[in-house]
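Observations on the model geometry
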Amino acid sequence: MNTSTTTTAISVERTTPASVLRDARHLSFWAEHAAPIGLVALVIVFSLLTPSFLTLGNVSAMLAAAAILVILAVAQSYVITTGGIDLSISATMTFGAICFGIAFTAGLGFWLSALVGIVGAALIGLINGLLIAKGKVTDFIATLGTLSVATGLALIFSNGRPISVLSPELLQLTTGRIGIVGYPFILAVIIGVIAWVVMFRTRFGLHVQAVGGSEEAAVANGLSAKRVRIAVYLISAVLAGVAALLLVARVGAAEPAINTSYLLNSIAAVVLGGVSLTGGKAKIVGPILGALLLTALSNGLTLLGVSQFYQPLAVGLVVVLAALLTRFQKR
Amino acid sequence: MTTITSPTALDTDLVLSAEGIVKNFGNVHALRGASISMRRGEVTALIGDNGAGKSTLVRCLSGIHHPDAGTIRINGSDVDFHTPLDARNAGVETVQQNLALIEDLSVWQNFFLGREQTRGFGPFRFLDSRAMRSKADEMLGGLAVNVPPVTSKVRRLSGGQRQAVAIARAAGWGSPIVIMDEPTAALGVQETARVESVIKRLQDSGVAVLLISHNFDQVLRLSQQVWVMRAGNAVAGRRAVDTDGDELVALITGAKAA
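Residues numbered from 1 in each chain as written. Chains lettered and ligands numbered in written order. Predicted model: local features only at pLDDT ≥ 70, side-chain atom pairs only at ≥ 80, totals over all residues. Heavy atoms only, no water.

Looking now at the environment of Asp242 of chain B. Residue and element names in this part refer to chain B. Tracing the sequence through the fold places Asp242 in the loop between strand E12 (233-239) and helix H8 (245-253). Overall, Asp242 belongs to the exposed group, its relative accessible area being 57%. Distance from Asp242 to Arg230, taken between C-alpha atoms, is 20 Å for residues 12 residues apart in sequence. (Helix = DSSP H or I, 4+ residues; strand = E, 2+ residues; numbered from the N terminus. Buried < 20%, exposed > 50% of the residue type's maximum accessible area, 1.4 Å probe, protein only.)

Listed below in structure tokens is the structure:
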């Protein structure tokens, strides 16, 4: 490890091919770029192992499958940048899906129902934010609680049964495409771009990073850490509500399922993306690539005929490896 | 109460006065009615043993704590700080003891934290990073320290550079009152000299500086007015020319009544 020389050097950081080659000698380089490197490695390995991996059809299917996770990873990244965590994210998505399903069944039409779904999800986020910022409840406990509450509400509202939704707009959302890229992934990319701009080009984004870096220092500089915290949990929940629409579109029904794998994968994608769980270091592209990596991993394993049972194992190994690598990140 | 050689209420040079400030944290009485005042164009020193209440008083004056009782006046009118932003808007800038810098943000981002410059229209406003970078560069350059590039992360800076960043941030907005909580505590000889010259420069430009320090030589060298704190009270006020290190020590320890 060669961190002593790199940490003391004060320089304007510019990326050139030469600097990339130089940095590649350090373990921190691999840690910093775990997601893109891992993604490229996976694509190479799977294309060698199975010719059907890098076909247009499969890439298109992968991108479609990745859309929900990309949105959730972006959402989770905002929360984790403040040093928090949103364990309720997939339950919020489920709750949003059920709200949408009920509203649609009640005849509100697609757009109004979508709004109901997103507002329903946002309510969970508001509760998270208030509990954590005002109630001073630990993020872990607060969102663990709302995970259960949202799951329970989804079961109660739906009576435990899937609500089938037959909407032309939803059908359009799943089948529409530009080239090989389907609408869901395009939506995810748009959300990713907006999230990036907000994080790195606006006052709010700077405040998110500042509160995550040091709440005490942020407050001493006149920021309201409470407002920022409530906002990130709201953002997380609203994005979970948007993801809920894609989920319903994908399945054709609003299901009160628990979707635990989405929760774990959203956190895994953020960790793979090189975001520190202690907060303060914001990344948006990394978590998106992390989400793509996880999707490619399970897709490749499926193509190879590896039993479904091995997929959580593979995801787990990748995440633990990435977490180990983050120890070598440049600080 | 003890009699204190404080400036009279009619004194028009009085830029800040705090009277009877009380602050309790549960059963801990951090401030028991402390009163101090500062004059325009003067360096006012605040000294006292650890736990005497200096930093708590500073935190009340900079809006981090809200006093349980007492009044703070700036230029003769009452102010009520509920957040650090209130204090900042009233013209009080503070260099906190912990510097209040965010390590993962760059120098210019720390400079403008909470008062970012933006451009755009309506709700679509984006950070004007180019303008902020050049302004930050200008403000830091005035310090003439081994200036770090404004784009480097604070994490990469040395202790002296961090101090310089925090001080330049507080000094650079033309605020009439600048509070510095132990600005040279962690610095070497050269860096201390630079910080002291910044304090003098601020004073020359008419700023009222509140200096919290443990270094009596420095206090007597830089300040015109010294307030001594003990057990949550400002027990004595002295003109710097009328006192010496021995008296200050005696006042701090309580060996001499004020």
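Residues and elements named next belong to chain B. Pairing in this open sheet of four strands is antiparallel, and the strands run E2-E1-E4-E5 from one edge to the other. The open sheet is flanked by strand E2 (28-39) and strand E5 (77-79), the only strands paired with a single partner. Each strand axis lies, on average, 25° off the axis of its neighbour in the sheet, ignoring direction. Alignment of strand E1 (residues 14-25) against E2, held across nine bridges, turns out to be antiparallel. Bridge pairing in E2 links Ser17 to Ser37. Across the face of the sheet, helix H1 (residues 54-61) comes into contact with E1, E2 and strand E4 (69-74) while running at roughly 115° to E1. (Pairing = 2+ DSSP bridges. Axes fitted to C-alpha atoms, helices over the stretch in contact; angles between N-to-C directions. Contact = heavy atoms within 4.5 Å.)

Moving on to the packing of helix H7 (residues 110-134) of chain A against helix H13 (residues 225-251) of chain A. Residues and elements named next belong to chain A. Running from N to C, H7 and H13 point in directions that differ by 150°, and their axes come no closer than 7 Å. Of the possible angle classes, the one that applies to H7 and H13 is roughly antiparallel. The crossing of H7 and H13 is right-handed. Facing Ala114, Ile118, Ala121, Ala122, Gly125, Leu126, Asn128, Gly129, Leu130, Ile132, Ala133 and Lys134 of H7, the residues of H13 in contact are Lys226, Arg229, Ile230, Tyr233, Leu234, Ala237, Val238, Gly241, Val242 and Leu245. (Parallel < 35°, antiparallel > 145°, perpendicular 65-115°, else oblique. Left-handed = near helix turned anticlockwise from the far one by under 90°.)

Bringing the sheet that holds E12 of chain B into the picture now. All names here are of chain B. Read across the sheet, six strands follow the order E6-E9-E10-E3-E11-E12 without closing on themselves; strand pairing throughout is mixed. The strands lining the two open edges of the sheet, one partner per strand, are strand E6 (92-95) and E12. Within this sheet the neighbouring strands show an average axis-to-axis angle of 20°, counted without direction. Here E6 pairs with strand E9 (residues 177-181) via four bridges, running parallel. In the strand pairing of E9, Thr94 is matched with Ile179. Packed onto the sheet, helix H5 (residues 159-171) meets E6 and E9 and runs at close to 175° relative to E6.

Let us look at the pattern of salt bridges. Residue and element names in this part refer to chain B. A full pass over the atoms with the stated rule returns 16 salt bridges over all chains. As a salt-bridge pair, Glu93 and Arg88 come within 3.9 Å of each other at their nearest N and O atoms. On the basis of relative accessibility, which here comes to 5%, the residue Glu93 falls in the buried class. A relative accessible area of 12% places Arg88 in the buried class. Note that Arg115 and Glu93 form a salt bridge whose closest N and O atoms lie 2.8 Å from each other. Taken as a pair, Arg115 in the loop between helix H3 (107-111) and strand E7 (118-121) and Glu93 in strand E6 lie far apart in primary sequence, 22 residues in all. Among the charged side chains, a network of salt bridges with common partners joins Glu103, Asp104, Arg155 and Arg162. (Salt bridge = Lys/Arg side-chain N within 4 Å of Asp/Glu carboxyl O.)

Interfaces are often sized by the accessible area lost when the parts come together. With 29 residues of chain B in contact, the opposing surface of chain A contributes 31 residues. Each partner contributes to the roughly 2,400 Å² buried at the junction of chain B and chain A, and carbon and sulfur atoms together form 59% of this total. Linking chain B to chain A there are two salt bridges. Between Arg59 of chain B and Glu216 of chain A there is a salt bridge whose closest N-O contact spans 3.2 Å. At the boundary of chain B and chain A, one finds eight residue pairs in polar contact (both at pLDDT 80 or more). Residue assignment for the side of chain B that touches chain A shows that the elements contributing at least two residues are helix H2 (84-89), strand E8 (124-127) and H5 of chain B. (Buried area = accessible area lost by both parts, 1.4 Å probe. Polar contact = N/O pair within 3.5 Å; in protein donor to acceptor, adjacent residues only side chain to side chain.)

Next up on the list: the side chain of Gln225 of chain B. Of note, Gln225 of chain B is situated in strand E11 (residues 225-230). Among the polar contacts listed, one links the side chain of Gln225 of chain B to the side chain of Arg239 of chain B, at a separation of 2.9 Å.

Extensive coverage of E12 of chain B is indicated by the burial of six of its seven residues. Hairpin geometry of E11 of chain B and E12 of chain B is characterised by an intervening segment of two residues between the two adjacent antiparallel strands and by a positive phi of about 50° at Ala231 of chain B.

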